[in-house]
Amino acid sequence: MKIKFNRKMIGSVIAAIAIYAVIAILILTGILPRSMQSLVVKISYYVVLALSLNLIVGFLGDLSLGHAAFYAVGAYAGCAFALYSGLPLIPNFIISLLIGGISAAIIGFLISCAILKLRGDYLAIVTLAFGEFIRSIVKIIPGLGGTKGLTGVPSFDRFEGFTFGYAVVIIVIIILCNFTNSRHGRTITAIRDNAIAAESVGINIKRYKVLVFTVSSFMAGMAGVLFGFYKTSVEPADFTYNVSIEVLVMVVLGGMGSLKGSVIAAIIIVALPELLREAAAYRMLIYAIALITMMMLNSSPKFAALKAKALDRLYSVRESITAVFKRAK
Amino acid sequence: MFTPLLQVENLEVNYGVIRALKGVSFEVGTGEVVALIGANGAGKTTILHTVTGLLPAKSGSIVYDGHDLLKTPAHKIVSMGMAHVPEGRRIFGALTVYENIILGAYTRRDKKEIEESIELVYTHFPRLKERTKQIAGTLSGGEQQMLAMGRALMSKPKIILMDEPSMGLSPLYVSEIFSIIEEISKSGTTVLLVEQNAKKALSIADRAYVLETGTVVLSGDADDLMHNDSVRRAYLGE
Ligand SMILES: Nc1ncnc2c1ncn2[C@@H]1O[C@H](COP(=O)(O)OP(=O)(O)OP(=O)(O)O)[C@@H](O)[C@H]1O
Ligand SMILES: [Mg+2]
């Protein structure tokens, strides 16, 4: 059992390094066109946003429409520090990343304490309102540049941007894998499965809600700092509820509670409009259609059977390949 | 002298403007089986939810083993030795039978003692032992009820509160569930049993309270109530 786990881990590490190496070479040699290079950075912070929201929506089962708020807090806190600290780029980024994450986590903690009693639609509406509230607040806090926001945030070149974005993504994935497979992860699954039963065995539901919101906000805050360093400015218009919806679409399309799904969906949704420029105008329409299709497909037993069959086939193919390899040995 | 393990006095609970409990008092002594019987909507589930901290009370008091339960949050009540088997088979449907049982020991740490409790649960419910790896949501209704009871026993409770364990079960299963409740009681656990199946409940209870629209209208020894005319007419269908 243990050996298998280690082998799987080594496999993941090799895959992670290989992907990094390939993209790094593509960027450094200039094979990847400029527009694609910035796309790679954009993908990294959207992946972090989708993964962190999945913790709330997929694992805990609470609908949050205000994820942009935590993203905004992280972006503003981290970038304000970066602007005024005057440190060299790399230490500046790392400290800003932590400051952004921690500030967002504090706000996430406070907010989750305030909304503990809310569920379902009410929670969704309050989080939505909270997102807009944060946006108005940053406009009036002195030193944050009002509606123009902060400009002149230190900037990465494309390669650095990709490297740091990638590193943050990997760190977030490692944290989430460990968290969801831990005792805490199983407890959260139990809460989502049946809240009354969870309470009846002595699980402190409130504590776990606060924990999930805090961890998730921390990650969204780091995504905000990545964004600020990438764009070299942050303004209130970057954090409208559209961002929250967009990230929610990624979570739903990728599958509730599936980390892999969130990563893939984030990549596709960020990349598609850039690749199909003409389609960009219809982005919201395409999201809506994709969401409805997904929901209809997921609730249809025929589709579930089809999916199971396809997966079965995939597994049998994999098995026959490994069998061939074994024989070859 | 009779010292109650659980004492509820003048409990009032409202849902918004609806008065669900209008001053309910009852007590449960150590080692007893006490039944709360009453028709749909009488307030039985409301009582259990208030005792276990899932609902706030408007007024009154709930004292358990020296603790004021109205000031105790729900998740702390389990570790004080009170287990709750909620109405309607509240199991973790996506988890296996074994995982459900293990979650019942959520508040305990000692691995060896937990193992012993699992064995104890399996002796009460051999059916569960045969199905440890099955996804709990695919169990039959009666098996799910057994799982919910087994899970509650995993916290090693002094008192166990059961909300309509016989609901929706075939007569054979009902008899099985009730004989297991008797076993649990014999092994030293105090039982507070909420039931609509008054006949079965009275047959295993020591004492009982009859509840009507949020008030206790009758109480006494189970045997006496079994022979009480108005109880026979209203709850035993005679
Ligand atoms: N969440 C709620 N909001 C408003 N009213 C409620 C709520 N829960 C219960 N009630 C009302 O409180 C009263 C008591 O309900 P309760 O569930 O305690 O009854 P019960 O005795 O357990 O009934 P049953 O045998 O059908 O389970 C009922 O009139 C019910 O409609
Ligand atoms: Mg009830």
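Within any chain, residue numbers begin from 1 and follow the written order of that chain's sequence. The order in which chains are written sets their letters, starting at A; the order in which ligands are written sets their numbers, starting at 1. Local features in this predicted model are restricted to residues whose pLDDT is 70 or higher, and side-chain atom pairs enter the listing and the counts only when it is 80 or higher, whereas totals over whole chains, interfaces and linings include all residues. To get the side-chain values, all heavy atoms of the structure are used, and hydrogens and water are removed first.

A. Representation of the pattern of salt bridges within the structure. Salt bridge, as used here: a side-chain nitrogen of Lys or Arg that lies within 4 Å of a carboxyl oxygen of Asp or Glu. Per the stated rule, a full pass over the model turns up 16 salt bridges over all chains. Where B:E176 meets B:R127, a salt bridge forms, and the shortest distance between an N and an O atom there is 3.3 Å. Separated by 49 residues along the polypeptide, B:E176 in helix α7 (residues 171–186) and B:R127 in helix α5 (residues 126–129) bring together distant segments of the chain. The exposure class of B:R127 is partly exposed, given its relative accessible area of 29%. Look at the salt bridges and you will find they share partners, linking A:K231, A:E235 and A:D238 into a network. Counting from the N terminus, the helices are the DSSP runs of H or I reaching at least four residues and the strands are the DSSP runs of E reaching at least two. Categorising residues by exposure relies on relative accessible area from a 1.4 Å probe, with only protein chains included: less than 20% of the type maximum marks a residue as buried, more than 50% marks it as exposed, and the intermediate range marks it as partly exposed.

B. A look at a nonpolar patch on the surface. Residue and element names in this part refer to chain A. On the surface, a cluster of nonpolar side chains totalling about 630 Å² of accessible area is made up of I90, I94, L98, I102, I106, F109 and L110. Along the chain, I102 falls in helix α4 (residues 89–114). Relative accessible area serves as the criterion here: at 45%, I102 is assigned to the partly exposed category. Residues with no salt bridge and a relative accessible area higher than 30% make up the patches, which join like charges within 9 Å and nonpolar side chains (Val, Leu, Ile, Met, Phe, Trp, Tyr) within 5 Å. Using a 1.4 Å probe, the Shrake-Rupley method yields the accessible areas, and only the shown protein chains count as cover for residues.

C. Quick look at the environment of B:I180. All names here are of chain B. Of note, I180 is situated in helix α7. In this structure I180 comes out as buried when scored by relative accessible area, which is 3%. Between the C-alpha atoms of I180 and E87, which are 93 residues apart in sequence, the distance is 17 Å. Residues are treated as being in contact if the distance between any of their heavy atoms lies within 4.5 Å. If we ignore the near neighbours within four places in the chain, the residues touching I180 are H124, F125 and M149.

D. Spatial organisation of the sheet that holds strand β5 (residues 67–68) of chain B. Residues and elements named next belong to chain B. One requirement defines pairing of two strands: DSSP has to find at least two bridges between them. With respect to topology, four strands assemble into an open sheet ordered β2-β1-β4-β5, the strand pairing being antiparallel. At either end of the open sheet lies a strand with only one pairing partner, and these are β2 (18–29) and β5. Looking at chain direction, strand β4 (residues 59–64) and β5 are connected through two bridges and run antiparallel. Within β5, the position partnered with Y64 by the bridge is H67. To define axes, lines are fitted to C-alpha atoms, for helices over the stretch in contact only, and angles between the resulting N-to-C directions are given on a 0 to 180 degree scale. Strand contacts of helix α1 (residues 44–51): β1 (4–15), β2 and β4, with the helix running at about 115 degrees to β1, the strand carrying the most contacts.

E. Here's a closer look at the sheet that holds strand β6 (residues 82–85) of chain B. Residues and elements named next belong to chain B. Strand order in the open sheet formed by six strands is β6-β7-β8-β3-β9-β10, and the pairing between neighbours is mixed. In this open sheet, the two strands that pair with only one neighbour each are β6 and β10 (215–221). For this sheet, the mean inter-axis angle between neighbouring strands, taken without regard to orientation, is 15 degrees. Bridge count for strand β3 (residues 33–38) against strand β8 (residues 190–195) is five bridges, and the pairing is parallel. Looking at the pairing, A35 lines up with L193 of β8. Along the sheet, helix α6 (residues 141–153) makes contact with β6 and β7 (159–163), crossing β6 at roughly 170 degrees. This element, α7, spans β3, β7 and β8 of the sheet and lies at about 155 degrees to β8.

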